[in-house]
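If you want the building blocks of each chain, they are given just below.
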Amino acid sequence: MKSRSRYRRRPLPLLSLLSLLLPLLNSTTAAATNTTTLPKIDFSSLGTVAVVGSFSALQLYDPTQSQSQSQTNYSSTRSSLISRGPDGTLTPLGSTNVGGQILAICQNPKNGFVYVGGAFTSLAGHDAQNIVRYDPSAGTYNEMGTGLDGLVRTISCGNNNSTTVYVGGDFERPVGGDGTGFAGHLAAWTEAGGWTPWTIDGVDGTVRTIDSSSDGKSLFLGGDFTTTFLNGTNSTFFNMSNIPPGVNQTTLQNISDIITPTTTSFGDSGNGTVFASLGSSLVPISLNSSDYWASPTSYLNGFGRPQYVFCPQGLDGPGTSWLLVDGMPGFFTARFYRPLKVRGIRLGNTFWGGRGTRDFYVTSIPDNTIIELRYASDPTNPASPIWSCTDHCLLAHAPSVPYQDFLFPSDWTFTGFQLNIFGWYGDGAGLHLLQLLSEGSYDYSVEANNISPCQEGLAGSTPPGLTTTGDWVERTVNTDIAGTVQRVVCGQITGGSTAVQQSPTMTWTPFVVMSGGYRIEFLTPGCVAANDCPGRTLAKVVVTPTTGPSVTTVIDQTNTVDVTTTIFQGNLAATAQGGGVVVVVSLADGGAPNEGQQYYLVADQISLVAASSNGTVFYNGQGTNQTITVNTTTTTGGSSSLNSSSILDTGRAVLEYAPALGGGTGTFGDVVPSSQELSATGTLQNATGFDQLSFYFAQGAVVNSIVSTSTGGGGTGRVFVGGAFVYTNPNTGVSSTNVVEYYPTRVGGNGVVAAPGTGLNGPVTSLVELGGYLYAAGTFTATQDGRTSGLAGAARWAYDTPGSTWTSLGSSGSIAGKIAQLGIVTTSSSSNGAAPGNSSSSIVAVGAGGSGLAFYDPGQGLWNATEAGFFLGNLTAFGGGGTNASALAFIAGPVVAASGGAAPGGAILSATGGVPSLSSFGFTFNSSTSSSSGSSSSGSNSTNTTAKMAKRSARAIRDAVGALFLPRATSPVLQERATTTSVPVNNVVTSLPSSLTSTTTGQILAGAFWKNGSTSYMVLGGNFVATGGVENVGLYDTGRKTIKPLSGETVTGTVVDVQVFGDVAWIGGNFSTATGRIALATYDLATSTAQDSPPALTGYTGSNPSVNVIAQRPGFSSTIVVAGAFASAGSVQCQSICSWDSKALQWTSLGSGLEGVVGALSFTGSNSEYLLAAGSFLINGTTTYLAQWNYKNETWTVPGSASSLPGPATAVSADGTNQAKIFVAGKSTTDNSAYLQYWNGTTWSSLNSNGLQSASGVQQLVFVPLTATHASNDIIEKDRMLMVSGDLTINSTAMSTALFDGQNWYPYLVSTSSTGGSGAVSQFFYSITSFTLAGRHYMAVGLVILISIAIALGLVFLLVLIGLLIALARRRDEPQYPQPADQRQYRDSIQVQHHPTALLEAVGAATAVMLEGKGNKEKEQERLGAVDHDSIAGPMSFDADSEEDGQLQSDAIARARYSFQGEHVGELSVTAGEDLVVLEASDANWYLVANQQGQRGLMPASYLA
């Protein structure tokens, strides 16, 4: 028979055929993308895509800033008020009337109310004249009285110690008010008292800014007004905590010790002796009508009744003085059960038997507040320096001081008081005189209330006169103070033409104790409490002073609540000097027009309020509120004049004000309080150091902004002033334009410091201070001297750094040069290593330009106009925020559209019609967490190192070929256990550089999808606390947008990576669990149980283990790689990287491991035969940042060299299966700058020059497919882009995710922190974990598989079958393969007998052979079954009985006698002596065998023994 060649044509492999068919199956191309929009990611290939990180707001980058937003709540013709929550949520709170403006916003830190001012008549539908109050907790607006009659420009809400709101602007007084005490441009508001004037009344020009010192002791005013100062009078103020020089506080037993030794003249008022005291013009209030009680009173005869001292009628002694029990403290309490406005208390000491009161304090009833008292330091001289005391006051004990006046703060109202005595002279305490002092005098409509406490004797006064005509009826009505009532009288009138002539009248004749300036107020009770609203009418009140013309006021008495009306303001002469005043109340003309109808006049009281407590203040201009003249004499009855030695200075644009008049020294301690209430529109006394700035401003100066810092302690406080002015002090040579610093503790320059470059060359509109930097905004472009330019309207100055100058903040986008106001918002924690400034806070800029909001991150030194949301329109005001990270911030202006993009911690990224969109996870973080620290092992003596392990593994894109077939299982081979001791390595690097720290709360760092039936979940991990008890890891329902804890699993610390394999979640990080796991835990999601597998990790010496990345080898489902910083896993010594076999249930070391820390992994190669590990570790003793593991030869190699990368690597990704395209990111060891490097298989290249800047921190690198190609280049194929995520700065723009096409960067996502700082994206993850980039131009992988198999399966197997039949036919005609000539005995006469073959088995075997090497070894090994490799490796014996007719049986073990080189498809090359498994022996000539590596194929049967 003719011999046939054994060489046969090789059939085409299946994949080769598919590769020919695929182009035919997909002829659809993606539509071209608009180059002005974001690159089009093919989300259909990825499934559901999630984005997580450290942020509270996330939005797609939009270079055009033109997204369509809801315009329902906004209008360009109105000014809108918007709140911004801690999570970045923007909420519209309402808009003004058309044309309205909001110019000022502030939030009181004590009560939380927000005060909004500007020029408007309504806000959110509520009538409001230029100012309104908003309550964020209730979401309601409240009118502030009747509002103000002009534009409000600035509001100061003080500090945590006060609820008083100070307002400045272009107004004169409250709307509808008579202007008493309001001199213009200033007003104060309290929730209890409504509008009140400042104690300086007002200023003569616009107030544009009011800044409170941090301790609340000073308010710094700025604007365009002028002041006049008289210097050289009272120049010293003391507090009891600051006794003057020469007086030893520890030995001070008597306030009389420091009384000036002068002789004091006593005048005679005609009704007793009048002492020239601090409250000489104040009239005592009767204590006889009060409910009083004292204890413990003395048992000495004549001294046990406290009423003796209300009006002592003789010298100090029995019946005129009251004593306490000797040696015991005591108290006196008086209750009036009606509100009283009280100005002070008058105390006269007893000297009986050497006794007397020394130490005391006064509390008010019902609030039990200790009242601050102010008094003349020399009780014999009311012009002496003013002192103050609170809980420890001293009473003079000197015969020359019959009594001493202690004044309360102005407008003090109470229903009673308690005098507490706890120190005494001699044997015990006592008093000779006790009186309350009114603001002047109170004259009541009820005669019984007008009892004079003391008509004769010491401090006697004349009671007021009261007469009536007509019909008056006494009634009792409730007051505004709960539980109190007051008695009033009502005049009854019958309407008609003669009602006015027949009207009842009431006439008061008040007692004027001292000549001086007074205002008279008339109190009308509210008609609701009196229950007489229908009958109320108009009252005419006529005030006739003895020394001037009458003043008539018509009062509408239909008020629903109590109203006080000023009916006179001017000068009055003392009654004892022939002066006085008469007040008459009657029906006003037209007050009772209806015949027969009953009308009522209501009268309660009038009060005389003295302009000063001791008669030293007079009004210039009878009955008007004009300039106040200060009487500089120290005795009563003196003239009002300025002596020739007085110096008058004109100030401009600034003024310091101490709210605590009469007791406040200001924040720098140089305010000189005065008992006189002086008007800033007149002559002021004692300019402070800050006030003296105003003396050197040129005419026309305007101050727009003042900011103080560090005021209130340590003497380091300073004040910065900005506006449009020139400051020049010829005495010191200091000159500065538009910006100047006041620094009182600085030596030289009178405390004034010129700004660098002698100021700025344009007006400054706003200033803020943060972290040692002064930030300025305005219309300037350079410094005044021109040496620093390019400032573009926004600059900062490191004022504490000698020699520093202004530096530009860079372009702030459309707002540049148009900033109206700067503000500050603060995050909950500091960014990692940011400088300069405090990176935990951001500077907020609001203004014009079409997009009126921008945030400046001092740590990054960058603007990000989209941080807090998208805006269309302009902004005019900012308020709130500040140092409280959880506080709301408020912005206002004519906004057209706004969007916050709030997404705390994570969002779903999807696309509809090719347009990407973000959807928040929908849950929020709690404000704090208790588990932000790293894990700690009980009983371990290792140090808990909280490594910064936020770097993510860049998941390698799955190979298309490997996705076509199911993975093949490996045979479970048990290996010998390693020793149980961990590697004793010290000083191992266990952390990587990161902008995400494990101690920062409120961040989701990792996630993975899991599907349970039809419900899709995510397992989310990080460092956070959410509602429902979720802490650091939770199960998120994507449909319901809810998160719940993993039942039975509690994680304390930070979760850095999460992966789900089947139903098991693998959780890695720097944590410990309640079940005792450290750094690595697994959880069965299907059964909701925590697992105690795999064996635990052990840390390096001195540290706990940590896990940074968990990955499954593509195509090998049972291989899970865990990497981080650890010394061993279970008993296996595998440093920082270890492989877990989920079938064999054991750890396997990858070589000797990587001593150090691994932060990222990426698989590559057509069969995932290569593993890339990035981090910082040692290989052969050399520090290396990237290594490659070869699964074939089981070795670590370094692409390039160990020094190729500049520093630790934090992210790595290969381009699909191409191991010659590797991208690595990290931080340089030399300057901590970011790098991005590219490996082309031969050399490394830096990609930083394309735009990635040094401040960046890369968290993840991953390739994504596109629906439209980009321009071709040699680095990245045109159907994909590299997605880079983290905290990025690219081309001077801050962002969180960008796409890189090999040449150009495309900003993609911008994330922000809860208060506007830059956020960071930690990870993208998707529901489809395997997809192909290799077939990007074709259909999706799943569809390709189905269509390819359906169309080509028959053809493929037909070709294979034909090829095999031809091959077998040829072999049937061939003799059995001869043995080599030198090793056989050729039997020429023996013809080989052919046995029939199983066609199906042959086809199956050949098909399996063709699939060899395509990444599916596990599947083949499953078909082969378990193979005991230990038995294969040992010596073999062969039993002739096992052969049948000279053949081996299937599944027998055989050894190759000779080497065989396979030359055709399906043949297996073997070497002599190799042990093989016979899989198929049905054909006598050719056996199907498998070697120890799992490879199989045909070989000649005769070659086997």
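Fair warning: this is a prediction, and the values are worked out from it, not measured in the lab.

Here 3 strands make up an open sheet; going across it, the order is β32-β33-β40 and the pairing antiparallel. Of all the strands in the sheet, just β32 (472-478) and β40 (598-603) have a single pairing partner and so form its edges. Neighbouring strand axes in the sheet, compared pairwise and without regard to direction, differ in orientation by 40 degrees on average. When strand β33 (residues 485-494) meets β40, the two strands line up antiparallel, connected through 6 bridges.

On to the packing of aromatic side chains, then. Summed over the entire model, instances satisfying the criterion amount to 47 aromatic pairs. By way of ring pairs, the aromatic residues Tyr 292, Phe 310, Trp 322, Phe 332, Phe 408, Phe 414 and Phe 417 are connected into one cluster. Against the face of Phe 1116 rests Arg 1113, its NZ or CZ located 3.8 Å from the ring centre. Above the ring of Tyr 1191, the side-chain terminus of Arg 1113 is found at 3.7 Å from the ring centroid.

Time to look at a nonpolar patch on the surface. Where nonpolar side chains cluster on the molecular surface, the patch consists of Ile 1349, Leu 1353 and Phe 1357 and spans about 250 Å² of accessible area. Tracing the sequence through the fold places Phe 1357 in helix α3 (residues 1341-1372).

The predicted model of the protein chain has a mean per-residue pLDDT of 76, with 72% of residues at 70 or higher. Scored below 50 in pLDDT, residues 64-72 shows 15 contacts in the model against residues more than four places distant or in partner chains.

Right, let's get into the nonpolar core. The biggest cluster of nonpolar side chains holds 38 residues, and the ones touching the most others in it are Trp 508, Tyr 518, Ile 520, Phe 522, Ile 567 and Val 583. Those elements giving two or more residues to this core turn out to be β33, β34 (505-509), β35 (516-524), β36 (538-545), β38 (563-572), β39 (581-587), β40 and β41 (605-610). When residues in this core are grouped by element, the largest group, 4 residues, is from β39. Discounting chain neighbours no more than four positions away, the residues touching Ile 520 are Val 543, Thr 565, Thr 566, Ile 567, Phe 568, Val 581, Val 583, Ile 606, Ser 607 and Leu 608. Counting residues in hydrophobic clusters, the runner-up holds 36 residues, among them Leu 324, Leu 347, Cys 393 and Leu 419.

Overall, antiparallel pairing links the 4 strands, which are arranged β4-β3-β60-β59 in an open sheet. In the strand order of this sheet, the two ends are held by β4 (90-95) and β59 (877-880), each with one partner. The sheet shows a mean angle of 20 degrees between the axes of neighbouring strands, taken without regard to direction. Strand direction decides the pairing type here: β59 and strand β60 (residues 889-893), joined by 4 bridges, are antiparallel. Residue pairing for β60: Gly 880 is matched across the bridge by Ala 889.

The next thing to look at is the environment of Val 582. Examined against the element boundaries, Val 582 turns out to sit in strand β39. Once the C-alpha coordinates of Val 582 and Pro 510 are considered, the two residues, 72 residues apart in sequence, prove to be 7.0 Å apart.

With that out of the way, let us pick up unusual backbone geometry. Trans peptide bonds make up the majority, and among non-glycine residues the majority have a negative phi. The omega angle of the peptide bond from Ser 295 to Pro 296 is -10 degrees, so this bond is cis rather than trans. Looking at where Pro 296 falls in the secondary structure, it is placed in the loop between β21 (291-295) and β22 (322-323). Of note, the bond from Ile 365 into Pro 366 is cis; its omega dihedral lies within 30 degrees of zero at 20 degrees. Relative to the assigned elements, Pro 366 resides in the loop between β24 (356-365) and β25 (373-376). Within the chain, Thr 758 stands out as a residue other than glycine whose phi angle is a positive 55 degrees. With respect to the helices and strands, Thr 758 occurs in the loop between β49 (752-754) and β50 (764-770). Although it is not a glycine, Ser 1088 adopts a positive phi angle of roughly 55 degrees. In this structure, Ser 1088 sits in the loop between β70 (1078-1084) and β71 (1089-1091).

Conventions used here
- In this convention, every chain numbers its residues from 1, walking through the sequence in written order.
- In keeping with the model being predicted, local features are shown solely for residues with a pLDDT of at least 70 and side-chain atom pairs are shown and tallied solely at 80 or more, while totals for entire chains, interfaces and linings include all residues.
- Values reported for side chains reflect all heavy atoms of the structure, with hydrogen atoms and water molecules removed beforehand.
- Any two strands between which DSSP finds at least two bridges are classified as paired.
- Counting from the N terminus, the helices are DSSP H or I runs at least four residues long and the strands are E runs at least two residues long.
- For helices, the axis comes from a line fit to the C-alpha atoms of the stretch in contact; other axes are also lines fit to C-alpha atoms, and the angle between any two N-to-C directions lies between 0 and 180 degrees.
- Any Phe, Tyr or Trp ring, taking Trp's six-membered ring, that has another such ring centre within 6.5 Å forms a pair; planes under 30 degrees apart are called stacked, those over 60 apart edge-to-face, and the others tilted.
- Whether a charge sits over a ring comes down to the Lys NZ or Arg CZ being within 6 Å of the ring centre and within 35 degrees of the ring normal.
- Here, patches come from residues exposed beyond 30% relative accessible area and free of salt bridges, joined within 9 Å for like charges and within 5 Å for nonpolar side chains (Val, Leu, Ile, Met, Phe, Trp, Tyr).
- Computed with the Shrake-Rupley method and a 1.4 Å probe, the accessible areas treat only the protein chains shown as cover for residues.
- Salt bridge, as used here, is a side-chain nitrogen of Lys or Arg placed within 4 Å of a carboxyl oxygen of Asp or Glu.
- Each residue gets a pLDDT score, which is the predictor's confidence in that residue and runs from 0 to 100.
- Note on definitions: a residue-residue contact is assigned when non-hydrogen atoms from the two residues lie within 4.5 Å.
- Residue types Ala, Val, Leu, Ile, Met, Phe, Trp, Tyr and Cys, when buried and joined through side-chain atoms within 4.5 Å, form a set referred to as a nonpolar core.
- For every residue, the accessible area obtained with a 1.4 Å probe (protein chains only) is divided by the maximum for its type, and the residue is called buried under 20%, exposed over 50%, and partly exposed between those limits.

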